Amino acid sequence: MKFDKPAGSNPIDRQRYIGQPRDRIDGPLKTTGSAPYAYERHREAPDAVYGYPVMSPIAKGKLIAVETDAAEGAPGVLAVITAAQAGKLEIGDMNTARLLAEYHIEHYHQAVALVVAETFEQARAAAQLVVVRSEREPGAYDLAEAQPSVTQAPEDTPDKAVGDVEQALRTASVTLDAVYTTPDQSHMAMEPHASTALWQQDTLTVWTSNQMINWGRSDLAKTLNIPPEKVRLISSYIGGGFGGKLFLRSDALLAALGARVVKRPVKVMLPRPMIPNNTTHRPATRQHIRIGTDAEGHITAISHLSWSGNLPGGTPETAVQQTELLYAGANRLTGLRLATLDLPEGNAMRAPGEAPGLMALEIAIDEIAEKVGMDPVAFRILNDTQVDPADPQRPFSRRQLVACLRTGSEAFGWQQRKAQPAQVRDGRWLVGMGMAAGFRNNLLSPSGARVQLEASGTVTVETDMTDIGTGSYTIIAQTAAEMLGVPLEQVRVRLGDSDFPVSAGSGGQWGANTSTSGVYAACVKLREQVAQALGMDAAEAEFVEGEVRAAGHSRPLTDAVVNGTLVAEDTIEFGDLDERYQQSTFAGHFAEVAVDIATGEVRVRRMLAVCAAGRILNPKTARSQVIGAMTMGLGGALMEELAVDTRRGFFVNHDMATYEVPVHADVPRQEVIFLDDTDPISSPMKAKGVGELGLCGVGAAIVNAIYNATGVRIRDYPVTLDKLLAGLPETA
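Residues numbered from 1 in each chain as written. Predicted model: local features only at pLDDT ≥ 70, side-chain atom pairs only at ≥ 80, totals over all residues. Heavy atoms only, no water.

A. Looking closely at the overall build of the protein. Along its length, the protein carries 18 helices and 32 strands. Against the globule reference of 27 Å for 732 residues, the protein gives a C-alpha radius of gyration of 27 Å, in line with a compact fold. Oriented by its inertia axes, the alpha-carbon framework of the protein measures out at about 80 × 75 × 50 Å. Out of the 732 residues in the protein, the part that is buried amounts to 61%. (Helix = DSSP H or I, 4+ residues; strand = E, 2+ residues; numbered from the N terminus. Rg over C-alpha atoms; globule rule 2.2 N^0.38 Å. Buried < 20%, exposed > 50% of the residue type's maximum accessible area, 1.4 Å probe, protein only.)

B. Broad picture of the packing of helix α10 (residues 354-372) against helix α17 (residues 698-710). Viewed as axis vectors pointing N to C, α10 and α17 meet at an angle of 35°, and their least axial separation amounts to 8 Å. In this structure, the crossing between α10 and α17 has a hand that is right-handed. Two secondary-structure elements touch here, α10 through L358, M359, E362, I363, D366 and E370 and α17 through A700, V703, N704 and Y707. Partitioning the contact of α10 with α17 into residue classes produces six nonpolar, one polar and three charged. (Axes fitted to C-alpha atoms, helices over the stretch in contact; angles between N-to-C directions. Left-handed = near helix turned anticlockwise from the far one by under 90°. Contact = heavy atoms within 4.5 Å. Nonpolar A, V, L, I, M, F, W, Y, C, P; charged D, E, K, R; others polar.)

C. Geometry of the UniProt feature "domain: Aldehyde oxidase/xanthine dehydrogenase a/b hammerhead" (unreviewed entry) in the protein. Taking the numbering used here, the UniProt-annotated feature "domain: Aldehyde oxidase/xanthine dehydrogenase a/b hammerhead" (unreviewed entry) corresponds to residues 32-138. The distance separating the terminal C-alpha atoms of residues 32-138 is 51 Å; by composition the span is 15% helix and 32% strand. (UniProt positions renumbered as here; feature names shortened; annotations may be inferred.)

D. Structural view of the layout of surface pockets. In this model, the second largest pocket occupies a volume close to 480 Å³. Lining the second largest pocket are 22 residues, and of these Y237, Y473, V493, R494 and L495 lie nearest its centre. Among the elements that line the lining of the second largest pocket, the one with the most residues is strand β23 (residues 491-495), at five residues. Taken together, the residues of the lining of the second largest pocket break down into 11 nonpolar, one polar and 10 charged. (1 Å grid on protein atoms, 1.4 Å probe; cavity = no way out; pocket = protein on both sides within 12 Å on 5 of 7 lines; lining within 4 Å. Points joined across faces, edges and corners; volume = space filled by probe spheres on them.)

E. Spatial organisation of the sheet that holds strand β14 (residues 285-293). The strand order β8-β16-β15-β14-β9 describes an open sheet built from five strands, whose pairing is mixed. What marks the edges here is a single partner per strand, and that holds for β8 (160-162) and β9 (174-182). Recorded for the sheet is a direction-independent mean angle of 10° between the axes of neighbouring strands. The pairing of β14 with strand β15 (residues 299-310) spans nine bridges and is classified as antiparallel. Opposite Q287, over in β15, you have S306 as the bridge partner. Each of β9, β14 and β15 touches α10; the most contacted strand, β9, lies at about 150° to it. (Pairing = 2+ DSSP bridges.)

F. How the structure looks around unusual backbone geometry. Residues Y717 and P718 are joined by a peptide bond in cis, for which omega reads -10°. Within the fold, P718 resides in the loop between α17 and α18 (721-725). Its identity is not glycine, yet N225 carries a phi of approximately 60°, on the positive side. In this fold, N225 is placed in the loop between α7 (213-224) and β12 (231-234). With a phi angle near 55°, F242 is a residue other than glycine that sits in the positive phi range. Looking at the element boundaries, F242 is found in the loop between β12 and α8 (250-262). When its relative accessible area of 27% is taken as the criterion, F242 is described as partly exposed.

G. Looking closely at the environment of G241. For G241, the position within the fold is in the loop between β12 and α8. On the basis of relative accessibility, which here comes to 2%, the residue G241 falls in the buried class. Non-local contacts of G241, meaning those with residues more than four positions away in its chain, are made with H187, A189 and Q211.

H. Here's a closer look at the pattern of salt bridges. Scanning the model with the defined rule gives 49 salt bridges in all. Here R264 makes a salt bridge to D47, at a shortest N to O gap of 3.0 Å. In this pair, R264 is assigned in the loop between α8 and β13 (266-269) and D47 in the loop between α1 (27-31) and β2 (49-55), connecting sequence segments 217 residues apart. Assessed through its relative accessible area of 19%, R264 is described here as buried. For D47, a relative accessible area of 54% gives the class exposed. For the salt bridge of D666 with R603, the shortest nitrogen-to-oxygen distance reads 3.4 Å. Here R603 lies in strand β29 (residues 602-612) and D666 lies in the loop between β31 (650-651) and β32 (669-674), a separation of 63 residues in the sequence. For R603, a relative accessible area of 33% gives the class partly exposed. (Salt bridge = Lys/Arg side-chain N within 4 Å of Asp/Glu carboxyl O.)

I. Geometry of the sheet that holds β23. With mixed pairing, the five strands of this open sheet are ordered in space as β1-β27-β21-β22-β23. Taken across any chain shown, the strands that pair with only one partner, and hence form the sheet edges, are β1 (2-3) and β23. In this structure, strand β21 (residues 447-453) lies alongside strand β22 (residues 459-463), joined through four bridges in antiparallel fashion. Residue pairing across strands places V451 opposite V461, the latter belonging to β22. Sitting on the sheet, helix α13 (residues 472-484) is in contact with β21, β22 and β23, with an inclination near 135° to β23.

This is how it looks when you write it as structure tokens:
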């Protein structure tokens, strides 16, 4: 199905199932332990053995030798596999570094070998006997040190300039010029990266924890130099990904190599301390923001340049993309700078680009608003735009940022905020309020599905879409139930298998909108088949309560399958509407914090997110996504940071004992409001996405609240005690 004009009225608008707060249909499986994860495929891969990775002890240098004799003689060991035994391996299209080092070490904890043994404990013990001989080479590990020498934009991401920023800044009535930093961060998903691999003749099946089945399958086939049709990837349940499982990682490759050698199923799970350095992470940024306004507060100039680092061949963190679209202003400059660093690969982490970009921009907006003498909410409303600031002929499809801010202000009690910092005391605590705008682009990609109607009336949906804890199973079932007029309990959803039609996958906040649109397209085809079988006009037919109704007649849906099962398959393909209209999602984030006057301890007391993100397909699962994102934003504001050893080139705090994330005691009362925001230009579902929008801007809202509470302005994330203490007001 080609979606190339705005959606009109369609069966989804009935909202008997879509738009309703339904429980997740996979919930009982997960809470009872019945949902099989990648490492738990005991039935499909019996008699499995265990692989334990051996990782590089240096960050950069020559891999001279991997001595395996002692490990090979250890109890229970079946094989020790290195690049020499693996044969020729390529690099996947989505990978920056090799997943198994051959001659050269590209980053710390790059895999250099796999020990396969009968038990996990035997494999782990034998892995300690492998001797990795290497020769360290000098490397670059410090973004701050590299920044001054990086002045040009990468060739494939040139600067975007409109008007004359420098002249506008010189003539502005009020200006801001500041630098903000965000640290390297780790995904820290609950489920580690894990895979189980099985070869049957020359065909490979891998059960893995991966968000993007088609990407993973293609890159695994390329890496192994085998045809894609000889690889089957299955990822039915995923215990969190946050972007860290978008791409093929070493666990899947190592499991496949091990299974090929020992001719038995092999299970590989990356131990938690290996994940931050072996897989991907969110790169640190250093962001230079300059803003100029007239005397009334209208933005006349805005410049946002961001520096980040990556391995050779890697890409920059796109931290300026929201600045291109969020506020009006005739003179604009955005640009990225990429330093070559020898740290592990930087890549997508929840809301890549906008998350760290808004951590900086939305502090800067508060700072310039204060200089102008305006309330920060009023300043943002004043500088709203309904068109692309760089192309005024290109409107937003839907833009309710002002409504988000006004709704949030009223619901949060913003009018009670004291504009002057450090004015509110609650015993030993200084109390303040802060807010920030949220923004995330609406991304579109083709997505396919297959729908089957059986004689029993059961509807089965198959697509390689994944569920990373977001509720994909449920909203896909809701879509099929709505389109075919059957009870939700009558819909069976099968996901995460490369044998199913290729979907857009889970990532970038695009999964819900695109995958349900693919199911919609397949259901339209199936409706046509049903109508034809019943002798009805598909354009007029209404599918409701297990019946098909048209022209005053009704027939049971199951009458269409008396001669056998009906199957329909289709893919939603998007036309040029995203070029003609800017499609984005918006939020207003509000936070109240308390800061201990003596110690600088920060406690977030309450949070509110008001979201405009297209039609909300399931308010219950969407709310879960937003409060999870708000919690991640709290972590980014106050505690999350990968500490870099700039001498030896690795992340020191590479486990959950030392990499801090919020726990229950850190999480305050959180409220979420969804605005009515159906967007017919986005898709036939009129939806967008909300899982990443809930994170975008949260960190800045908290930091702005800390400033309101204390008068201490921090521009360097995370806001830890040492950064606050020196500036706190004197105790009374």
